[in-house]
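Tertiary structure, described
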Amino acid sequence: MTDPMTPRPTRRTVLQAAAAGAVGVSPALRALVHAQGSDAPEKKEVKIGFIPLTDCASVVMASVLGIDKKYGVTIVPTKEASWAGVRDKLVNGELDLAHVLYGLVYGVHLGVSGPKKDMAVLMNLNHNGQAITLSKKLADKGAVNGAGLAKLMASEKREYTFAQTFPTGTHAMWLYYWLAANGIHPLKDAKVITVPPPQMVANMRVGNMDGFCVGEPWNHRAIMDGIGVTATTTQAIWQDHPEKVLGTTAEFVQKYPNTARAVTAAILEAGRWIDEGLANKNKMAETIAGKAYVNTGVEAINQRILGRYQDGMGKTWDDPNHMKFYNEGAVNFPYLSDGMWFLTQHKRWGLLKDHPDYLGVAKAVNRIDVYKQAAAASKTPLPKGEMRSHKLVDGVVWDGKNPAQYADGFKIKA
């Protein structure tokens, strides 16, 4: 609502602001320009697909809290059953955007995980907060971590089955990386299957797998149900790793650039709200635990989002690198090096037969231009550069500088 006591700006001032691209103008005037339609969202209502996981929270809360309306859009969160379903609906236009696996977007863009279509990553939704769960049966035989699992698999020969959530997705890459770091070849020493996140716990309960990698709350749920233990968290594999993204097609961004910016800004603000404090995190946990979203007990969600971890074997700890949705903006920038990393792992495991143009693909997919506009609108700080560097669990450093050499440099690969 506008304040009736505020004098209405003239048409001339509005047009001047629009002509200046709303750069350097006051937030009030910029908001007015949005409202007057010069860069108003072209599509007012958007369907955003999500999978029942804790890290869908910023998409859901942008809608529930009405933050989307502030940016001139209405977000309609749409619950989906599997990542393959999300992929299909994004590609055919049934969904406008999605809470989606980073590596899924890249897999579709290169045609290695379904029909090839030009895709776009608008922002990171979260860092950290996934885990690898091993069955209680394995843990009882000493397989409580990577070394224990490797020892058991060497001494007790049989077919070991592990589950991930999508072949080119984040969970597959974390699982493969962790197994390989412990001397286990994920493609030769084990059988790997694909299972949708909400079905992981039920499948482990009936003995369909020995372990799985998935997002929360399903790792904690396995502990609560007494059927699994947390062997490692993904932040222990790569601290502050990229995880889910706000993904869409390149076609959508081209057709509705203002909508893409508005939705990104709204979700940035929702992520900031979640990370602001304990009360907000608890409110978020209560909201997304509901049937319409994750459909589980709030106690399965609210511990790990606060960094309160237990492994199911009596150990508890406070993890400062728990799931984060904003972290002063550090979470959300779509670093080119993050996208390139997934390509290196796709090449490592034979999903890509040849080295792609790593940097070229990342520049095409990661829409830093849209992100910067949304960051300005939501007052989100930007990093100094478009690449970042990390040392992963095996001691190998990833910095994006020589991706082909990095991809080829692993001893264990396809």
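Residues numbered from 1 in each chain as written. Predicted model: local features only at pLDDT ≥ 70, side-chain atom pairs only at ≥ 80, totals over all residues. Heavy atoms only, no water.

As summarised here, the arrangement of the five strands in space is E2-E1-E3-E10-E4, forming an open sheet in which the pairing is mixed. Each edge of the sheet is formed by a strand with only one pairing partner; in this case those strands are strand E2 (74-79) and strand E4 (119-124). Neighbouring strand axes in the sheet, compared pairwise and without regard to direction, differ in orientation by 30° on average. Bridge analysis of strand E3 (residues 97-101) against strand E10 (residues 244-249) gives four bridges, and the strand direction is antiparallel. Directly across from His 99, in E10, lies its bridge partner Leu 246. (Pairing = 2+ DSSP bridges. Helix = DSSP H or I, 4+ residues; strand = E, 2+ residues; numbered from the N terminus. Axes fitted to C-alpha atoms, helices over the stretch in contact; angles between N-to-C directions.)

On to the nonpolar core. Of all hydrophobic cores here, the largest spans 123 residues; its most connected members are Leu 149, Ile 267 and Trp 341. With 10 residues, helix H14 (residues 257-275) is the largest single contributor of residues to this core. Excluding residues that lie within four positions of it along the chain, Ile 267 makes contacts with Ile 48, Ser 58, Val 59, Ala 62, Ile 75, Met 123, Leu 125 and Leu 246. (Core = buried A, V, L, I, M, F, W, Y, C linked by side-chain atoms within 4.5 Å. Buried < 20%, exposed > 50% of the residue type's maximum accessible area, 1.4 Å probe, protein only. Contact = heavy atoms within 4.5 Å.)

We now examine helix H15 (residues 278-288). Buried residues of H15: Asn 280, Lys 281, Met 284, Ala 285, Thr 287 and Ile 288, and no others. Buried residues in H15, looked at end-on, bunch into an arc of 165°, giving them a common side. Facing away from the buried surface of H15 by more than 90 degrees, the exposed residues are Ala 279 and Glu 286. Turning to H15, the residues buried within the fold contact helix H3 (57-64), H14 and helix H16 (299-302). (Arc of directions from axis to C-beta.)

The next thing to look at is the confidence of the model for the protein chain. When the pLDDT values of the protein chain are averaged, the result is 92; 91% of them are 70 or greater. Every residue in residues 1-36 is under pLDDT 50, and counting partners more than four places away or in other chains gives 20 contacts. (pLDDT = per-residue confidence, 0-100.)

This next bit is on the state of the cysteines. Under the defined criterion, the tally for this structure stands at zero disulfides. The thiol of Cys 56 is unpaired, and the distance to the nearest cysteine sulfur, on Cys 213, comes to 17 Å. (Disulfide = S-S within 2.5 Å.)

Running from N to C, helix H6 (residues 102-110) and helix H17 (residues 336-348) point in directions that differ by 70°, and their axes come no closer than 10 Å. If you check the angle between H6 and H17, you find them roughly perpendicular. The element H6 and its partner H17 pack so that their crossing is right-handed. Between H6 and H17, the residues in contact are Tyr 102, Gly 103, Tyr 106, Gly 107 and Leu 110 and Asp 338, Gly 339, Phe 342, Leu 343 and His 346, respectively. Broken down by class, the residue content of the contact of H6 with H17 amounts to five nonpolar, four polar and one charged. (Parallel < 35°, antiparallel > 145°, perpendicular 65-115°, else oblique. Left-handed = near helix turned anticlockwise from the far one by under 90°. Nonpolar A, V, L, I, M, F, W, Y, C, P; charged D, E, K, R; others polar.)

Turning our attention to the side chain of Thr 296. Turning to its location among the elements, Thr 296 is positioned in the loop between H15 and H16. In this structure Thr 296 comes out as buried when scored by relative accessible area, which is 15%. Looking at Thr 296, its side chain comes within polar contact range of the side chain of Arg 221, at 3.1 Å. With residues near it in sequence (within four places) discarded, Thr 296 still touches Pro 217, Trp 218, Arg 221, Ala 289 and Ile 301. (Polar contact = N/O pair within 3.5 Å; in protein donor to acceptor, adjacent residues only side chain to side chain.)

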